[in-house]
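As a plain string of letters, each chain reads:
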Amino acid sequence: RRSRRVTVSSMPRFGFYAFALAACLSLVASSCRPGGIVGEGEPLESAGDLDVARYGHGLVVLADDSVIALGGVTDDGITDAVERWSPADSWATVGALPEPAAWSCAAVLGETVVVAGGEREAGAATDAVFASRDAGASWERVGSLQVGRYRAGCASDEQTLYVVAGTTQGGEASAAVDALRVT
């Protein structure tokens, strides 16, 4: 079994602004298609329904265009359910997070799905960082955020996951910025 390590660092203020600008430009470019930007009023295609209805979940797209939904809040509380959809298939449960989580940050770093932070139950924030190299079927803890939080903003350049701000255990706003690399 290959071991992985997460490197957590603070990002200088200028570096963060440069990163945010690059992320915005990337978002604009990725919303284009051969015919131009998706226009207002165009119907969306259905990708079927999840097995577990939820909100506050993480969502990532893998290189093979499959989509993974991670955790979230259901009618019964916070879930650990991990589901995957592929263009040739429908949604299917593929595994479970090591612990239930909602409002987590999720991104793909290379071929690894990473989930950082989140809310457990009743506003309990976690600093846990988990990684999966098998599209969500199994997970291992690979590190910690400097401050446990949920509802943080996050983005990835496929090498580094940036976890920005969020809500801490006591419901306070956080200014913490983590830059995570899984090796």
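Coordinates for the structure precede this section.
Presented here is an overview of the structure given in this document. (Residues numbered from 1 in each chain as written. Predicted model: local features only at pLDDT ≥ 70, side-chain atom pairs only at ≥ 80, totals over all residues. Heavy atoms only, no water.)

## Digging into the pairing of strand β4 (residues 58–61)
Move 1: Here β4 shows a buried face lined by Gly58 and Val60 and an unburied face lined by Leu59 and Val61.
Move 2: Note that β4 and strand β5 (residues 67–74) share 4 bridges and pair antiparallel. Looking at the pairing, Val61 lines up with Val67 of β5.
Move 3: The antiparallel pairing of β4 with β5 creates a hairpin that spans 5 residues between the two strands, and Asp65 there sits at a positive phi of about 70 degrees. (Buried < 20%, exposed > 50% of the residue type's maximum accessible area, 1.4 Å probe, protein only. Helix = DSSP H or I, 4+ residues; strand = E, 2+ residues; numbered from the N terminus. Pairing = 2+ DSSP bridges.)

## Let's talk about the environment of Glu119
Move 1: Mapping Glu119 onto the fold places it in the loop between β9 (112–116) and β10 (128–132).
Move 2: Residues Glu119 and Thr168, 49 residues apart in the sequence, show an inter-C-alpha distance of 9.1 Å.
Move 3: Those residues in contact with Glu119 that lie beyond four places of it in its chain are Ile78, Pro100, Ala101, Ala102, Trp103, Ala124 and Tyr150. (Contact = heavy atoms within 4.5 Å.)

## Some details on the packing of aromatic side chains
For any pair of aromatic rings, geometry is given as the distance between the ring centres together with the angle between the planes.
Move 1: With the rule as written, the count across this model stands at 1 aromatic pair.
Move 2: For Arg151, the ring lying beneath its charged end belongs to Trp103, and the centroid distance is 4.3 Å. (Phe/Tyr/Trp six-rings, centres within 6.5 Å; stacked < 30°, edge-to-face > 60°. Lys NZ or Arg CZ within 6 Å of the ring centre and 35° of its normal.)

## Remarks on the pattern of salt bridges
Move 1: Scanning the entire structure with this criterion turns up 5 salt bridges.
Move 2: Note that Arg54 is salt-bridged to Glu83, the shortest N-O span being 2.5 Å. One end of the pair, Arg54, is in the loop between β3 (36–37) and β4; the other, Glu83, is in strand β6 (residues 77–85), and 29 residues separate them in sequence.
Move 3: On the accessibility criterion, Arg54 (11% relative accessible area) is buried. (Salt bridge = Lys/Arg side-chain N within 4 Å of Asp/Glu carboxyl O.)

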